[in-house]
Every structure is written in structure tokens, then in C-alpha cells.
There are 2 protein chains.
Amino acid sequence: MRLRNVNGAEEKIESHPSIVTPNHETHKGSWDKVFGNSNPIHIEIGMGKGQFIRGMALQNPNINFIGVEYYDSVLVRALEKFIVEDIPNVRLLRLDGEHLPTCFAPHELSRIYLNFSDPWPKIRHAKRRLTHERFLTIYRDLLASEGDLWFKTDNRLLFQFSLVSMNNFGMIFEDVSLNLHEEEPTDNIRTEYEQNWSDRGFPIYRVEARFNRKSEK
Amino acid sequence: MRLRNVNGAEEKIESHPSIVTPNHETHKGSWDKVFGNSNPIHIEIGMGKGQFIRGMALQNPNINFIGVEYYDSVLVRALEKFIVEDIPNVRLLRLDGEHLPTCFAPHELSRIYLNFSDPWPKIRHAKRRLTHERFLTIYRDLLASEGDLWFKTDNRLLFQFSLVSMNNFGMIFEDVSLNLHEEEPTDNIRTEYEQNWSDRGFPIYRVEARFNRKSEK
């Protein structure tokens, strides 16, 4: 996503602590208190403008959703959606994916969504891809034993890399789609980006996978 | 491939025992004697009209190739190629994939190719797909410890099924391509079918994978 500087983004974010949770480290292991219930927690890493997490939260009122986004200028666009609508089972976090373990306890999450993550096409940047083993290690620790990872993208090279990376990490594929909209599940929530690229005729790829707990050290 | 009855196919096959090896069970564990050398052996299961195995054999004179095909009417088309050209490192076998263990000893093969295998789209026929675990078990036993399986297809649903099946079997992906001709390796040999479907604009999928010998029982 192209980043533009948004004037006043930081102030706007700070003025809505009931949506963008501040001091997030203090909730590590106790997000049930933030939500006021012990429903499963799903997070989206790199939430963008928030269309996906909004749709998911409305569709699944008995699941708690946390949208994670590093860039203020993007986060504020998602925030605007949740200011006009009061959706009780959503919180947003301003956070880098690498720092997830500062905010969540081991096994605290039930699902992680990665949607249209930055492909980092240069080989020397492979470590920054959110499906690199460096991140898979983090996800494995944060997910509950039955938890899983759902990843979708239009980027063929990133998807190829991710299938190999996830397989080599010992993850177990539950489902793979190489053209999600050809056989679109009725509950698929499209992101803004997904809608746009699909309209242009590009296939959307998706994998659903879990971690192999037998080989856990 | 559409099957047509070919008059005299059986007689033609039987009259070229130096190409289509008869009594193949007798060579189990001693294919080096058939070829007169101990080069690695690669087989293609479902060879079709033989363009792939011919190209591979010419490109790799230090590898022995065996094309396996069940249908006389198809096998005879491949045979015709090898009658007009004498290629020493090729043999053909009239055999059903399920019966491979009658002809090859454990670990006798270095690579197995599956190209554009029958997709068997109906769920009740899933067991017939050549990447079903029923077949993967056979391949694992026949391949040498460093051996691998290369599978390419234009059929999206079969490829999706195969990625999940191979992953769930514990196979280790070495490479995945979701549009092989976009980044075509210089040594890729196209089958007749591959050429045809690619010309029509369909992506060709390929996975290269090996078996996880650590988990072998």
C-alpha cells in the first residue's frame, strides 16, 4: 500500500484508546479482560484500511478480533471505520509484527490472518516476508495448539515462497486454493486490495495451515 | 488424453522388445543390466506420446529413463518415436502405476516424474489420482534416499489436492512454481499437452519434492 503522511494521525489514534489499545504490553496474557469475555482471539497482521477485520468481526460476533498495523497513516484509516460504527469485538494495535510476543502470551491466539502482505521481492529482503521462518517461529509460539494461520495474497512469487517456507517449517496444510474467487467460500471477506486485484483478473491464492505440534521442541 | 483404439498396437509393441521391455518383473533390482550401466534411473508415470521422455533422454545421456504407460494405444505412439531414433538410455514399460513394485526394487529409482496426470475430478475417484497417499507410499519405497518427485500439471484442482496430499504425507517441498513458463528453466522439456495448454494461456504448475526419511518407519 502506498503510504501518505496523514496530518494528525498520531493524535487521532491516541484520542481513541477504547479502539486502538494503548500500553498493549500490559494486556499480555489477559486480553480476555480487555474484551470482557473469554472468546477466541483472531489477529490480522498488517490490517491495512480495516475492511477485512471489520467484516470478520460483524460476521463472527463470538470471536474477538485484533487488527495489527505498524503505520500510523494506515491505521488511522481503519480507525475511522470503527469510530463511526461501534463494534464491540474489535481492537486495533499499532505494532510491528516482530514485536507480537511483547503483547501476547504463548498460545493466547486462535488464528492469525495474513492478507496481501508486503512481498519484499528482493532476495536479500526475504527475511522481512511475514511467512519467513523467523515469523513462523513467533506465530507457532503465540497460537493455541489447535490454532491456525490463514494467508492470502495475489502475489505469485510470495505465495510460492510461502508454500515452501511453511512446508519446510513442518506446517500442515489444511487447504490450498490457487484461485480463491473461482470457488469462493460464502464467508470469505474480501480486503479492499483483494477486490481491486480480483476485478483486474488476477487469481487470489490462499493457504490454511497449522503447526505440527508433535515436532515442537 | 482421448484414447482411440489403434489397430495392431499390441503386435507392434511386442515386436520391439529392445524398446518396450517385456517380462519386466525379471528386471526388478537389476535394471542396470538392461541399460548396461549403473547410471541413475528416472521414470515418468503416464508417459503419453513420449515427447517429454525423449527430450529428457537426449538432454541427459548419463541418466537412464523409463517411460511407463498403461494404454497400448498411447504407448504405441511413443514407441514410434523411438523406432525412428535410436536413443540408448530409454526404455518403455506397459504397466499400471499401482504395479510399479513388481518391476522395481526398493530405492532403485532416483526420480519420478508425473506430468499432466489424469485429474480424476470426482471426489469418489480421489484414490486414483497419482498424488494420492496410496501412490506416494509406493514412490517413497521405490525412490533412493536422495530421490525426488517432480510433478507438473495445468489442472488447478489436481494441483491444490496434490500440494495438500504431499504436504500431509510429510514430503518436503524443494520448489513450487505456479506459472512455470513465466520463469521457465532452460532445461524444462515441455510435453505435447503442456505446449498446447500453455499456448492457450493457462498457467502450468510444478512442485519438486522429496520424502522425509527421518519419519520413515
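Residues numbered from 1 in each chain as written. Chains lettered and ligands numbered in written order. Predicted model: local features only at pLDDT ≥ 70, side-chain atom pairs only at ≥ 80, totals over all residues. Heavy atoms only, no water.

Re the overall build of chain A
Here comes step 1: When its secondary structure is counted, chain A shows 7 helices and 7 strands.
Here comes step 2: Tracing chain A from N to C terminus, the helices and strands come up as α-α-β-α-β-α-β-β-α-β-α-β-α-β.
Here comes step 3: In summary, chain A has a C-alpha radius of gyration of 17 Å against a globular reference of 17 Å for 217 residues, a match within 12%.
Here comes step 4: Seen along its three principal axes, the alpha-carbon backbone of chain A occupies a region of about 45 × 40 × 40 Å.
Here comes step 5: Looking at chain A as a whole, 51% of its 217 residues qualify as buried.
Here comes step 6: Pairs at least 24 apart in sequence give 78% of the contacts found in chain A among residues at least 6 apart.
Here comes step 7: Of the roughly 10600 Å² of accessible surface on chain A, 47% is carried by carbon and sulfur atoms.
Here comes step 8: Charge separation in chain A, taken as the distance between the mean sites of 28 positive and 31 negative side-chain charges, equals 5 Å. (Helix = DSSP H or I, 4+ residues; strand = E, 2+ residues; numbered from the N terminus. Rg over C-alpha atoms; globule rule 2.2 N^0.38 Å. Buried < 20%, exposed > 50% of the residue type's maximum accessible area, 1.4 Å probe, protein only. Contact = heavy atoms within 4.5 Å. Areas by Shrake-Rupley, 256 points an atom, 1.4 Å probe, with all protein chains shown as cover. Lys, Arg positive; Asp, Glu negative; His and termini not counted. Charge placed at Lys NZ, Arg CZ, Asp CG, Glu CD.)

A short note on the sheet that holds strand β1 (residues 41-45) of chain B
All names here are of chain B.
Here comes step 1: In spatial order, the strands read β3-β2-β1-β4-β5-β7-β6; together these 7 strands make up an open sheet with mixed pairing. The open sheet has two edge strands, β3 (90-94) and β6 (172-177), and neither has a second partner. The mean angle between the axes of side-by-side strands here comes to 15°, regardless of whether they run parallel or antiparallel.
Here comes step 2: Packed on one face of the sheet, helix α4 (residues 72-84) meets β2 (64-69) and β3 and runs near 165° to β3. (Pairing = 2+ DSSP bridges. Axes fitted to C-alpha atoms, helices over the stretch in contact; angles between N-to-C directions.)

A closer look at the packing of aromatic side chains
Here comes step 1: As enumerated under the stated definition, the model contains 23 aromatic pairs over all chains in all.
Here comes step 2: Put simply, the rings of F116, Y193, W197 and F202 of chain A pair up and form one aromatic cluster.
Here comes step 3: Between R94 of chain B and the ring centre of Y70 of chain B, over which it is positioned, the NZ or CZ distance is 5.2 Å.
Here comes step 4: Sitting above the plane of the W120 of chain B ring, R128 of chain B keeps its charged end 4.6 Å from the centroid. (Phe/Tyr/Trp six-rings, centres within 6.5 Å; stacked < 30°, edge-to-face > 60°. Lys NZ or Arg CZ within 6 Å of the ring centre and 35° of its normal.)

Describing the environment of K28 of chain B
Residue and element names in this part refer to chain B.
Here comes step 1: By secondary structure assignment, the location of K28 is in the loop between α1 (9-14) and α2 (31-35).
Here comes step 2: The class for K28 is partly exposed, based on a relative accessible area of 40%.
Here comes step 3: Considering only alpha carbons, one finds K28 and I123, 95 residues apart in sequence, at a separation of 34 Å.
Here comes step 4: With near-sequence residues (within four places) excluded, K28 lies in contact with P101, T102, C103, F104, A105 and E108.
Here comes step 5: A polar contact of 2.8 Å, which involves the side chain of K28, links it to the backbone oxygen of P101. (Polar contact = N/O pair within 3.5 Å; in protein donor to acceptor, adjacent residues only side chain to side chain.)

None of this, on its own, says anything about what the molecule does.
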